[in-house]
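The chain contents come next:
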Amino acid sequence: MLKIGQIEIKDFPLLLAPMEDITEPSFRYLCKKFGADIMYTEFIASEALIRNVEKSYKKLSILDYERPVGIQLYGHQIDAMVEAAKIAAEAKPDIIDLNFGCPVKKIATRGAGAGMLRDIPKMIEMAKQIVKAVDIPVTVKTRLGWDSDSIVIEEVAQRLQDAGIQALTIHGRTRAQLYKGEADWTLIGKIKNNPSIKIPVIGNGDVNSPEKAKEMFQKYNVDAIMIGRASIGHPHIFSEIKHFLKTNEKLPELSVSQKVELAKEHLLQSLKWKGSPRGIYEMRRHYTLYFKSLPNFKEFKLKLVTSENIDEICDTLENIKKNYSDF
Ligand SMILES: Cc1cc2nc3c(=O)[nH]c(=O)nc-3n(C[C@H](O)[C@H](O)[C@H](O)COP(=O)(O)O)c2cc1C
């Protein structure tokens, strides 16, 4: 069982990873529907939150059916992060998650995200002060270290636990790896099986199938698995994994017709949340992933990513259904 504060999740907990421009409410709606146990907002810049930047502020919105949900924050200034955590807590999330893993150059080289892995005393002080400042569980998501010469996750896990962090998500890569190569779960497993680490350890990196999820739970004994990229265009991965773990049988793949319905639902949620045309524009990045295995899809794709009109988009989706009725 995964226990973070009052949150208790039984039987192979699966978490939706925070992903910028992806895990906004319309995508979270679908992931929740398919069984994601805990979800996170996109990361939010602490400085922007303090300055009341509207776009960042909007990311704090949480709907009740989404719970439990975490708001993720990043930044390199302790004071700003503490202030941002207080603001985020007012939005009443179930968790505040601190991003100590983002590899993006302009974030990490300024000392935020994975940059925090290069200043562990500051990371610990930041965590301590935020834990003290809010009355909900504070968790951390990070990587193994800055690069292969500075793998610090074992020390970091112990010290974050001592600082009052209530769960630790580890992406099995270094900052230098970005998203390249294969995630290395061996250290994640080592930390999970270290008797002095009592907080839940959530494994993350490259889980993209029911079989892989089963293997990671069995091999590394993690308290939960967090899934990112494999859920994009495939939010039903959560139910596929859950079904496989329960029954050892795989659910049939969704037909194209079912995928069309999924994409439509996503689009409608996107419109509901962001209105037109933003809801239409922001949906564009998802279509190719919903239909990624289809041959000769170019023309449909072009229509989906250029059309500004909701009826036209729905017509194209219906035509996809007809054209690929055998798939
Ligand atoms: C498009 C995209 C956006 C991401 N944004 C965030 C983010 O806002 N916060 C964060 O902690 N990680 C972010 N990540 C990293 C993911 O949460 C996750 O750690 C990483 O993708 C590895 O997991 P996966 O192999 O299951 O995708 C992002 C990843 C992608 C692909």
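These numbers come from a predicted model, not from an experiment.

### Here we look at the overall build of the protein
Alright, step 1. Along its length, the protein carries 14 helices and 10 strands.
Alright, step 2. By its C-alpha atoms, the protein is 60 × 45 × 35 Å across when sized along the principal axes.
Alright, step 3. Per-residue burial for the protein yields a buried fraction of 45% across its 327 residues.
Alright, step 4. In the protein, 66% of the contacts between residues at least 6 apart in sequence involve partners at least 24 apart.

### Focus: helix α6 (residues 120-133)
Two residues of an α-helix separated by three or four positions point the same way, owing to the 3.6 residues in each turn.
Alright, step 1. When the terminal C-alpha atoms of α6 are compared, their 20 Å separation across 14 residues agrees well with the 20 Å that a helix rising 1.5 Å per residue should span.
Alright, step 2. Those residues of α6 not exposed but buried are Met123, Met126, Ala127, Ile130 and Val131. Down the axis of α6, the smallest arc covering the buried residues is 130°, so these residues share one side.
Alright, step 3. Structurally, α6 contributes buried residues whose contacts are with α4 (78-90), β6 (95-100), β7 (138-143) and α7 (153-162).

### A word on the sheet that holds β7
Alright, step 1. Pairing in this open sheet of 8 strands is parallel, and the strands run β3-β10-β9-β8-β7-β6-β5-β4 from one edge to the other. Lying at the two open borders of the sheet, with one neighbouring strand each, are β3 (14-16) and β4 (39-45). The average angle at which neighbouring strand axes cross in this sheet is 25°, direction not considered.
Alright, step 2. Sheet topology places β3 next to strand β10 (residues 224-227); 3 bridges connect them, and they run parallel. Note on β10: the bridge partner recorded for Leu16 is Ile227.

### Things to note about helix α9 (residues 210-220)
Alright, step 1. Among the residues of α9, those classed as buried are Pro210, Ala213, Met216, Phe217 and Tyr220. For α9, the buried positions fall inside an angular range of 140° around the axis, keeping them on one side. Exposed residues lying more than 90 degrees from the buried face of α9 are Glu211 and Gln218.
Alright, step 2. Where α9 is buried, its residues meet α8 (186-192), β9 (201-204), β10 and α10 (237-247).

### Quick word on the packing of α9 against α10
Alright, step 1. Following both chains from N to C, one finds α9 and α10 inclined at 60°, their axes separated by 8 Å at the closest point. In terms of their interaxial angle, α9 and α10 are classed as oblique. Crossing of α9 against α10: the hand is right-handed. Side by side, α9 and α10 meet where Pro210, Ala213 and Lys214 of the first sit next to Glu240, Ile241, Phe244 and Leu245 of the second.

### With respect to the environment of Ala183
Alright, step 1. If you trace the backbone, Ala183 turns up in the loop between β8 (168-171) and α8.
Alright, step 2. Since 19 C-beta atoms lie within 10 Å of it, Ala183 is described here as partly exposed.
Alright, step 3. Once the C-alpha coordinates of Ala183 and Leu144 are considered, the two residues, 39 residues apart in sequence, prove to be 9.9 Å apart.
Alright, step 4. In contact with Ala183, other than residues within four places in its own chain, are His171, Gly172, Arg173, Gly205 and Asp206.

Each value, and the rule that gives it
Residues numbered from 1 in each chain as written. Predicted model: local features only at pLDDT ≥ 70, side-chain atom pairs only at ≥ 80, totals over all residues. Helix = DSSP H or I, 4+ residues; strand = E, 2+ residues; numbered from the N terminus. Buried ≥ 20, exposed ≤ 12 C-beta atoms within 10 Å, placed from the backbone. Contact = placed C-beta atoms within 7 Å. Expected span 1.5 Å × (residues − 1). Arc of directions from axis to C-beta. Pairing = 2+ DSSP bridges. Axes fitted to C-alpha atoms, helices over the stretch in contact; angles between N-to-C directions. Parallel < 35°, antiparallel > 145°, perpendicular 65-115°, else oblique. Left-handed = near helix turned anticlockwise from the far one by under 90°.

Keep in mind these numbers describe shape, not what the thing actually does.
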